[in-house]
Amino acid sequence: MTAPRTQTRSRTLLPFTLPAVGLYALLMVYPLIKTIPLSLTDSEGGPTAENVGLANYRAMLDDATLLSALGNTLVFTVVVVLAQSAIGLALAAMLRRWGGYGKALAVVLLTPALLSSLMASYIWSSLYQQDGAINSVLNAIGLGSLRQVWLAEPSTALYAIAVVHVWMSAGLAASIFAAGFRTIPEDMLEAARLDGANRWQVFWKVEWPMLAPSLTVAITLSLLGCLRVLELPLVMAKGGPANATNTLGLQIYRTVFANGEVGYGTALSVLLLAVVTILVTAANALLRRREGRLL
Amino acid sequence: MRSKNIVALASAIVASSLALAACSGSTGDNAGGGPVTLKVIGWKGSPAESAYLKDINAAFEKSHPNVKIDYTYAQGNSYGQKLNAELLGGNAEDVFMAQPSDLPRWAKAGYLLNLSDQSWATDLAAPVKSLVSAGKKVVASPSELAGIGLYSNMKLLKAAGIDKAPTTWSEFVADQQALKKAGQPGLALPDKSGWTIYQAINASAASRVFAGKPNWNDDQAAGKATFVSEDGWKKAMQQFVDLGDKGFVDYKAQLGIDEWSQGTQDFAAGKSAFLLQGSWAMSDLAKNGNQVQFTPWPGGDDGGQQAALTAVGTTWTINAKTSHKAEAQEYLKFWSSADALTPYLTAESSLSPFTSVPTPKISGTETFNSTVTAGRFWVLPAGGWANEKGQTAMGQAVQGLLLGQSSIDKTLEAYDTAAKS
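In every chain, residue numbers begin from 1 and rise along the written sequence. Key to labels: chains lettered from A, ligands numbered from 1, both in the order written. Thresholds applied to this predicted model are a pLDDT of at least 70 for local features of residues and 80 or more for the giving and counting of side-chain atom pairs; totals over whole chains, interfaces and linings are not thresholded and use all residues. With hydrogens and water excluded, all non-hydrogen atoms of the structure serve as input to the side-chain values.

**Notes on the pattern of salt bridges**
The salt bridge criterion pairs a side-chain nitrogen of Lys or Arg with a carboxyl oxygen of Asp or Glu, the two atoms within 4 Å. Evaluated as defined, the whole model comprises 20 salt bridges over all chains. Note that lysine 213 of chain B is salt-bridged to glutamate 230 of chain B, the shortest N-O span being 2.8 Å. Highlighted residues: lysine 213 of chain B in the loop between helix H8 (196–210) and helix H9 (216–221) and glutamate 230 of chain B in the loop between H9 and helix H10 (231–245), separated in sequence by 17 residues. Exposure categories follow from relative accessible area, calculated using a 1.4 Å probe and restricted to protein chains: below 20% of the type maximum is buried, above 50% is exposed, and the middle band is partly exposed. Residue lysine 213 of chain B is classed as partly exposed on the basis of its relative accessible area of 42%. Connected via shared salt-bridge partners are Arg96, Arg97, Glu186, Glu190, Arg193 and Glu207 of chain A. Strands here mean DSSP runs of E at least two residues long; helices mean DSSP runs of H or I at least four residues long; both are numbered from the N terminus.

So, in structure tokens, the structure goes:
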């Protein structure tokens, strides 16, 4: 009796989902599918384009800057994902212990995430200048020898930009972990404490495993944001110095909008899509498996 | 009641359609012989700039009472994106500003009207014509020939005992030594975007390569010449390596400074004695009563030929789909006359791209302009290796050289790779 009722209910609900599915297909799936044939053309943005087969994909092999852009993107992603998750987790743990003050602080921590990337870029670019606040502070505390032109030194530029990304997104990660903390039953923590567990043991043995779903969400969202990063390296360092901050997203932007190579740029975006899909799917699968083991 | 509603709905649809038709592209409002509104878009004429563009358009309207100019200013960074989308959508303005590097692509896409038969096309200065052409067709009207050269703050130079801007490389190096000795600021090459030093090397090459081989660009395009095999390019790059080695330029610091904002502001504030920039920056750099000279980049040797680097700056093109072809052609014809060009060239401190329109006299640019008038100048091949893509790749390669990551030969090989792709 249950199965036919469920089927009837599904049939009743189906028409209600159709508009949303239709819109999603039209606005998201259709452009995505159209990307593939466009990537097989020599389009320069005009009304006509010749089919060039896999030439754009073969050209990637000879593109000297593409490999460094891919490397920069991966380094940036690893640094930001690790730092953002660690800082977000630490902040969430702090907020949990600070009760009402913690809630107020949570709002403050989210403020950088509300800023546009453009605004954040301008603020931090001025901080990173040769005579900017960061170098002034280093000087004032006797660490003048560490002064740098942070965005002009190839060895520091990418990390300087990663710091800005972490600054913007750590509050969001903290919110995700804070939500995770709230799902942990208080009596479970109490039981651990009664068994003699200290604060670190409570965190490591009880809270950390219970936060597995939050970690999955935080890392997945962070991966998505980092792999497509564009605005910060574009505004803060223009991809330089010497391509040190050129990311895959920036490479696509320049190829399409500055060089007008729409066909090749679209092929690059297909590559980016593949990289994002593979990495996010793999990370998600690993984290879900971890959840299954821990929970 | 129902039929009334249907009539009302039909009327609303018809009215909306008419309104939409009116909104898209140029207005066809001269059907009854009334004035035509010509839609024009460009990246010049921001609210912060002086009103010269408004004045030029007003002068055109005055001489053409049947045409009204509806000018849209679009900020430089987003201009290309906006216009590309409009062109693809078929609703771009009747007349639009374009950079020479965009012309081959837009002409190939069929967006640009062929202007070869226009009277001003025969008046174009010889080196300019190929840069506003696609194939053998003239597709744009240039509104300036911009100079790229050396700005000197004469007050700072005088404080170091120097009474004139340098004209050769040895003078330039000696001046920097004198400035250093006198405790005065020296040369600034702000290069965050990878533009300044790339152009400074091109400016040196104007004397070291093109003065002796005026057809080098054609040879390069034909595969008969390469950057890495040309001694003049090597010497031009070596000059900049030497400036860093001698301590005249701190490249790590310069690579952190934006050439379009902080770099020019610093020069205007007297924080550097020398700066490479375009002639268009003259009005900003000469602010606050600064005594500024704009001269060709002193890249040549003593006794050698000194040449100036120039680039076709803004150009005007006509949308191939315009329904006001005659009026748009009149507008471009006006822009090739002294009535429009003289105020524009004065505001931009640029040179005339037409043989019949003289370059206005602008204080501080006399040496540069006389060098060009004497025919000792080279125009950047914006539709060739100096296009947007080449500029980005070469600018980044030069940064690598000056940061010690690469050699001159490797940098020039990177130039050749960028020029080929």
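**Looking at the interface of chain B and chain A**
Each side of the interface is counted separately: chain B has 23 residues, and chain A has 28 residues. In total, chain B and chain A occlude about 2100 Å² of area from one another, counting both sides; carbon and sulfur atoms represent 50% of this. Two parts placed together each lose some accessible area under a 1.4 Å probe, and the buried area is that loss summed for both. Looking at the side of chain B facing chain A, the largest losses of area belong to Arg105, Lys192 and Gln396 of chain B, adding up to 28% of the total buried there. Linking chain B to chain A there are 4 salt bridges. One salt bridge in this structure joins lysine 389 of chain B and glutamate 261 of chain A, with 2.9 Å as the shortest N-O distance. Identification of polar contacts relies on pairs of N or O atoms within 3.5 Å, with a donor-acceptor requirement for protein atoms, meaning one able to donate a hydrogen and the other able to accept it, and with residues adjacent in sequence counted only if both atoms are side-chain atoms. Connecting chain B to chain A are 8 residue pairs in polar contact (both at pLDDT 80 or more). Elements with a minimum of two residues in the side of chain B that touches chain A: helix H3 (76–89), helix H4 (103–108), helix H11 (251–254) and helix H17 (388–402) of chain B. Contact criterion: two residues are considered in contact whenever any of their non-hydrogen atoms come within 4.5 Å of each other.

**Quick notes on the packing of helix H8 (residues 186–194) of chain A against helix H9 (residues 199–210) of chain A**
Residues and elements named next belong to chain A. Axis definition: a line fit to C-alpha positions, over the contact stretch in the case of helices; interaxial angles, taken between N-to-C directions, run 0 to 180 degrees. Following both chains from N to C, one finds H8 and H9 inclined at 160°, their axes separated by 10 Å at the closest point. One finds that H8 runs roughly antiparallel with respect to H9. The handedness of the crossing between H8 and H9 comes out as right-handed. Facing Met188, Leu189, Ala192 and Arg193 of H8, the residues of H9 in contact are Val202, Val206, Glu207 and Met210. Three residue categories are used. Nonpolar comprises Ala, Val, Leu, Ile, Met, Phe, Trp, Tyr, Cys and Pro, charged comprises Asp, Glu, Lys and Arg, and polar comprises the others, including Gly. Among the residues forming the contact of H8 with H9, the class breakdown is 6 nonpolar, no polar and 2 charged. Roughly parallel here means an angle under 35 degrees, roughly antiparallel means over 145, roughly perpendicular means 65 to 115, and every remaining angle is called oblique. In a left-handed crossing the near helix is turned counterclockwise from the far helix by less than a right angle, and in a right-handed crossing that turn is clockwise.

**A few points about the environment of arginine 9 of chain A**
Relative to the helices and strands, arginine 9 of chain A is located in helix H1 (residues 2–38). Each C-alpha atom, one on arginine 9 of chain A and one on leucine 286 of chain A, is 35 Å from the other, the two residues being 277 residues apart in sequence.

**Notes on unusual backbone geometry**
Residues and elements named next belong to chain A. Of note, the amide linkage connecting glycine 240 to proline 241 takes the cis form, showing an omega dihedral of -5°. Secondary-structure assignment places proline 241 in the loop between helix H11 (231–237) and helix H12 (248–258). Even without being glycine, asparagine 243 reaches a positive phi, approximately 65°. Here asparagine 243 is to be found in the loop between H11 and H12.

**Quick word on the domain arrangement of chain B**
Residues and elements named next belong to chain B. Domain limits in this description derive from either an automatic procedure or a database domain assignment. Annotation of chain B at the domain level lists domain 1 (16–144 + 314–348) and domain 2 (146–312 + 387–420). Centre-to-centre, using C-alpha coordinates, domain 1 lies 33 Å away from domain 2. Facing 11 residues of domain 1, the contacting portion of domain 2 comprises 8 residues. Buried surface at the junction of domain 1 and domain 2, summed over both partners, amounts to about 630 Å²; 58% is from carbon and sulfur atoms. For the pair domain 1 and domain 2, the number of links is 0 salt bridges. Our enumeration of links across domain 1 and domain 2 arrives at 1 residue pair in polar contact (both at pLDDT 80 or more).

**Things to note about the nonpolar core**
Residue and element names in this part refer to chain B. Nonpolar cores are built from buried Ala, Val, Leu, Ile, Met, Phe, Trp, Tyr and Cys residues. Side-chain atoms within 4.5 Å join them into one set. Of all hydrophobic cores here, the largest spans 66 residues; its most connected members are Val95, Tyr151, Tyr331 and Trp335. Examining the composition of this core, we find that 5 residues originate from one element, helix H14 (residues 325–335), more than from any other. When residues of this core are sorted by domain, at least three fall in each of domain 1 (16–144 + 314–348) and domain 2 (146–312 + 387–420).

**Looking at the packing of aromatic side chains**
Residues and elements named next belong to chain B. Here a Phe, Tyr or Trp ring, Trp counted by its six-membered ring, pairs with any other such ring whose centre lies within 6.5 Å, and the pair is stacked when the planes are under 30 degrees apart, edge-to-face when over 60, and tilted otherwise. Within the structure shown, the criterion is met by 37 aromatic pairs over all chains. Between phenylalanine 210 and tryptophan 233, the ring centres sit 6.1 Å apart and the planes meet at 90°, which makes this aromatic pair edge-to-face. In this pair, phenylalanine 210 sits in helix H8 while tryptophan 233 sits in helix H10, placing the two residues 23 residues apart along the sequence. Of the two residues, phenylalanine 210 and tryptophan 233, neither departs from the other in class, the shared state being buried. Members of the aromatic cluster, joined through ring pairs, are Tyr52, Phe60, Trp316, Tyr331, Phe334, Trp335 and Tyr344.

**Quick notes on the pairing of strand S3 (residues 95–98) of chain B**
Residue and element names in this part refer to chain B. Of the two faces of S3, both are covered, the one formed by Val95 and Met97 as well as the one formed by Phe96 and Ala98. As paired elements, strand S1 (residues 36–42) and S3 share 2 bridges and run parallel to each other. By the bridge assignment for S3, valine 40 is matched with valine 95. Strands qualify as paired when DSSP identifies two bridges or more between them. Where S3 lies against strand S12 (residues 315–318), 4 bridges are found, and the strand directions are antiparallel. By the bridge assignment for S12, phenylalanine 96 is matched with threonine 317.

**Overview of the side chain of glutamate 207 of chain A**
Residue and element names in this part refer to chain A. For glutamate 207, the location among the structural elements is in helix H9. Of note is the side chain of glutamate 207, whose polar atom sits 3.3 Å from the side chain of arginine 96. Discounting residues that sit within four places of it in the chain, glutamate 207 has contacts with Arg96, Arg97, Phe181, Ile184, Leu189 and Val202.

**Regarding the sheet that holds S12 of chain B**
Within the open sheet, the 5 strands sit side by side as S2-S1-S3-S12-S6 (chain B). Their pairing is mixed. Each of the sheet's edge strands pairs with one partner strand only, and the pair in question is strand S2 (67–73) and strand S6 (141–142) of chain B.

**What to know about helix H2 (residues 52–63) of chain B**
Residue and element names in this part refer to chain B. The terminal C-alpha atoms of H2, which comprises 12 residues, lie 17 Å apart, in line with the 16 Å expected from a rise of 1.5 Å per residue. Among the residues of H2, those classed as buried are Tyr52, Leu53, Ile56, Asn57 and Phe60. Buried residues of H2 fall within an arc of 140° about the axis and therefore sit on the same side. Turned more than 90 degrees from where H2 packs its buried face, Lys54, Asp55 and Lys62 sit exposed. Those residues of H2 that are buried lie in contact with S2, H14 and helix H15 (338–348). By definition here, a helix of n residues has an expected span of 1.5 Å times n minus one. Here the arc refers to the set of directions running from the helix axis out to each C-beta atom.

**Observations regarding a nonpolar patch on the surface**
Here, patches come from residues exposed beyond 30% relative accessible area and free of salt bridges, joined within 9 Å for like charges and within 5 Å for nonpolar side chains (Val, Leu, Ile, Met, Phe, Trp, Tyr). Areas reported as accessible are Shrake-Rupley estimates using a 1.4 Å probe. Residue values count occlusion only from the protein chains shown. A contiguous nonpolar patch, built from Leu23, Tyr24, Leu26, Leu27, Met28, Val29 and Ile33 of chain A and spanning about 730 Å² of accessible area, is present on the exposed surface. On the secondary structure map, valine 29 of chain A appears in helix H1.

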